[in-house]
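# Per-entry structural report
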Amino acid sequence: MSSPGTTPDVPAGPATLLQVSPLLPRLEQALAERHRTVRLHELPDPDGFLRDRGGDVVAAVTSARFGVGDALMDALPNLRAIVHFGVGHETTDVVRARARGIDVSTTPDVLTDCVADLAVGALIDVMRRVSEADRYVRAGRWSTAPFPLASRVSGKRVGVLGLGRIGRAVARRLEGFGVEVAYCSRVPVPGVAYRRLPTARALAEWCDALVVTVAGGTGTKGLVSAEVLEALGSDGYLVNVARGSVVDESALVAAVEAGRIAGAALDVFADEPHVPRALLDSDRVVLLPHIASATRETREAMGDLVLRNVERFMAEGVLLTPVPESAH
Ligand code: 8YV
């Protein structure tokens, strides 16, 4: 039972659903209307709530950004489901959760098209210098000199690092540009005709542009290392729509500063929303504020899928789109 004063704004009774982080307003409203929902991040004393009432929580809704960390998981002894808004789940230890009988879901498929659209847009942006050209016109420099030449996209070689749903959607789009695609994945991907290269380094050596679509987490941390960037070379471009952790950001900064790669388009960073000064100062880098899935249509679809996962769990005790065993 709660001790007086610790969680005054949480009504008594079994708390069924814990909202860990801010979500779309429409989703928050639906969760609150349909379930006894406690918004942990809005409580004046979240620790007090967890201490006194953590045992009431059976399901947690969170975002890919916040997940459910180990300490929070430990504070919820009766937790049975973790529902993520987003496809990434590296902020939650899924193996640890499963060992405790907690199932975990994400929002796959519904965001694939928008993330792939943005990856291709970012690739074109950095290679054709679109954002840089926009700044050039706005600065009134067009009348003084023609804009420098950029790099052709059509017909180039693009390496896709991680050929999952999003990587495949990027590759399919690039086929329309007459681009030659190769990939690197832990295991060969069945049913695709693209060439598979054994390492990130081999892929970077082969391609003109490396598009990172691999899942984040400890298994891929620093996968795009100084060595991989070196292999990409001074004519090579990097696009990252996956996670900042996949790229060794200090090595990237050094490579950009020294002109050891031609350019980079980044939607994700090691410590969001902080972007290293050297990247902010470079005209050869396209910087985006983690917006790959951020369209009205996709975010609504992600919200609906979160809700359907919660509904299914509350009604039947199982999740609709659980993280597959092979994904961790
Ligand atoms: C969102 C994402 O920005 O799906 C993911 O893993 O990174 C993005 O779609 C994220 O879910 C918002 O927290």
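A few points on the structure. Keep in mind that what you see is a predicted model, and the values were worked out from it rather than measured.

### Quick word on unusual backbone geometry
In the segment running from Glu272 into Pro273, the intervening peptide bond is cis, with an omega of 5°. In the Ramachandran plot, Asp109 falls in the positive-phi region, its phi being about 70° despite a non-glycine side chain. Inspection of the secondary structure puts Asp109 in the loop between β5 (103–105) and α5 (112–128). For Arg129, which is not glycine, the phi dihedral falls at a positive 60°. The topology assignment puts Arg129 in the loop between α5 and α6 (130–138). Overall, the relative accessible area of 15% leaves Arg129 in the buried class.

### Looking at the environment of Thr37
The topology assignment puts Thr37 in strand β2 (residues 37–39). Separated by 172 residues in the primary sequence, Thr37 and Ala209 have C-alpha atoms spaced 45 Å apart. Leaving out residues up to four positions away in the same chain, Thr37 has contacts with Leu17, Gln19, Leu31 and Ala32. A polar atom in the side chain of Thr37 sits 2.9 Å from the backbone oxygen of Leu31.

### Notes on the nonpolar core
Membership of the largest hydrophobic core comes to 50 residues, with the highest contact counts inside it found for Leu31, Val61, Leu123, Val170, Leu174 and Val239. Ranked by residue count, the leading element in this core is α5, at nine residues. Counting residues domain by domain, this core receives three or more from each of domain 1 (16–108 + 297–323) and domain 2 (112–287). The residues touching Leu174, leaving out its near neighbours within four places in the chain, are Val120, Leu123, Val158, Val179 and Val181. If you look at the next biggest cluster of nonpolar residues, it comprises 33 residues, including Ala242, Leu252, Ile261 and Phe269.

### As for the pattern of salt bridges
Applying the stated criterion across every chain, the model contains 25 salt bridges. Asp117 is the partner of Arg173 in a salt bridge, and the nearest nitrogen-oxygen pair spans 2.7 Å. With Arg173 in helix α7 (residues 165–175) and Asp117 in helix α5, this residue pair connects regions lying 56 residues apart in the sequence. Take Asp117: its relative accessible area is 42%, and that puts it in the partly exposed class. For the salt bridge of Glu180 with Arg157, the shortest nitrogen-to-oxygen distance reads 3.6 Å. Taken together, the positions of Glu180 in strand β7 (residues 180–184) and Arg157 in strand β6 (residues 157–161) put the pair 23 residues apart, joining distant regions of the chain. It is possible to trace a salt-bridge network through shared partners that takes in Arg26, Glu300 and Asp304.

### Re the site of the ligand
Surrounding the ligand, one finds 13 residues, the nearest of these being Val87, Gly88, Arg243, His290 and Ser293. Within the backbone of Val87, a nitrogen or oxygen atom sits 2.7 Å from an oxygen atom of the ligand. In this structure, an oxygen atom belonging to the ligand sits 2.7 Å away from a side-chain N or O atom of Ser293. In isolation the ligand has 330 Å² of accessible area, and contact with the protein removes 86% of it. When its residues are assigned to classes, the shell around the ligand shows five nonpolar, five polar and three charged.

### Some details on the pairing of strand β4 (residues 81–85)
For a regular strand, the rule is simple: side chains alternate between the two faces of the sheet. Counted residue by residue, β4 has five buried out of five residues, so it is predominantly covered. In β4, alternate side chains face the same way, and those of Ala81, Val83 and Phe85 on one face and Ile82 and His84 on the other are all buried. Of the pairings in the sheet, the one linking strand β3 (residues 59–63) to β4 comprises five bridges and is parallel in character. Its bridge partner lying in β4, Val61 is registered against Val83. Here three bridges tie β4 to β5, and the two strands are oriented parallel to one another.

### A closer look at the sheet that holds β2
Across the sheet, five strands lie side by side as β2-β1-β3-β4-β5; this open sheet has parallel pairing. Two strands bound the open sheet, and with one partner strand each, they are β2 and β5. Going from strand to strand, the sheet's axes swing by 20° on average, the running direction of each strand aside. Relative to β3, strand β1 (residues 17–19) runs parallel, the two sharing three bridges. By the bridge assignment, Leu18 is partnered in β3 with Ala60. Of the strands in this sheet, β1, β3, β4 and β5 are in contact with helix α12 (residues 296–316), which crosses β4 at around 170°.

### Section: the packing of aromatic side chains
What the rule picks out here adds up to one aromatic pair. A ring pair is formed by Tyr136 and Phe147, whose centres lie 5.1 Å apart and whose planes are at 70°; its orientation type is edge-to-face. Remark: Phe147 occurs in the loop between α6 and β6 and Tyr136 occurs in helix α6; sequence separation between them is eleven residues.

Rules used throughout
Per-chain numbering applies: the sequence of each chain, read as written, is numbered from 1 onward. It should be noted that, the model being predicted, local features are given only for residues of pLDDT at least 70 and side-chain atom pairs only at 80 or more, the latter also being counted only at that level, while totals for whole chains, interfaces and linings use all residues. Values reported for side chains reflect all heavy atoms of the structure, with hydrogen atoms and water molecules removed beforehand. Under the DSSP-based scheme used, a helix requires at least four consecutive residues in state H or I and a strand at least two consecutive residues in state E, with every element numbered from the N terminus. Using a 1.4 Å probe on the protein chains alone, a residue whose accessible area is under 20% of its type maximum counts as buried, one over 50% counts as exposed, and one in between counts as partly exposed. Working rule for contacts: check all heavy atoms of both residues, and any pair within 4.5 Å makes them a contact. Under the rule applied, a polar contact is a pair of N or O atoms within 3.5 Å (in protein, one hydrogen donor and one hydrogen acceptor; residues adjacent in sequence only if both atoms are side-chain atoms). Here, the term nonpolar core denotes a set of buried Ala, Val, Leu, Ile, Met, Phe, Trp, Tyr and Cys residues that are joined through side-chain atoms within 4.5 Å. What counts as a domain boundary in this text is fixed by an automatic or database domain assignment. Put simply, a salt bridge is a Lys or Arg side-chain nitrogen that is within 4 Å of an Asp or Glu carboxyl oxygen. Throughout, near means a residue has at least one heavy atom within 4 Å of the molecule or strand. Here the open area of atoms and residues is found with the Shrake-Rupley method and a 1.4 Å probe, where only the protein chains shown may cover a residue. Ten residues, namely Ala, Val, Leu, Ile, Met, Phe, Trp, Tyr, Cys and Pro, are considered nonpolar, four, namely Asp, Glu, Lys and Arg, are considered charged, and the remaining ones, Gly among them, are considered polar. Between any two strands, at least two bridges found by DSSP are needed for them to pair. Inter-axis angles, ranging from 0 to 180 degrees, are taken between N-to-C directions of lines fitted to C-alpha atoms, where helices are fitted over the stretch in contact. Within 6.5 Å between ring centres, the rings of Phe, Tyr and Trp (the latter by its six-membered ring) count as paired, and their orientation is classed by plane angle as stacked under 30 degrees, edge-to-face over 60, tilted in between.

Interpretation note: all reported values are geometric properties and have no functional meaning in isolation.
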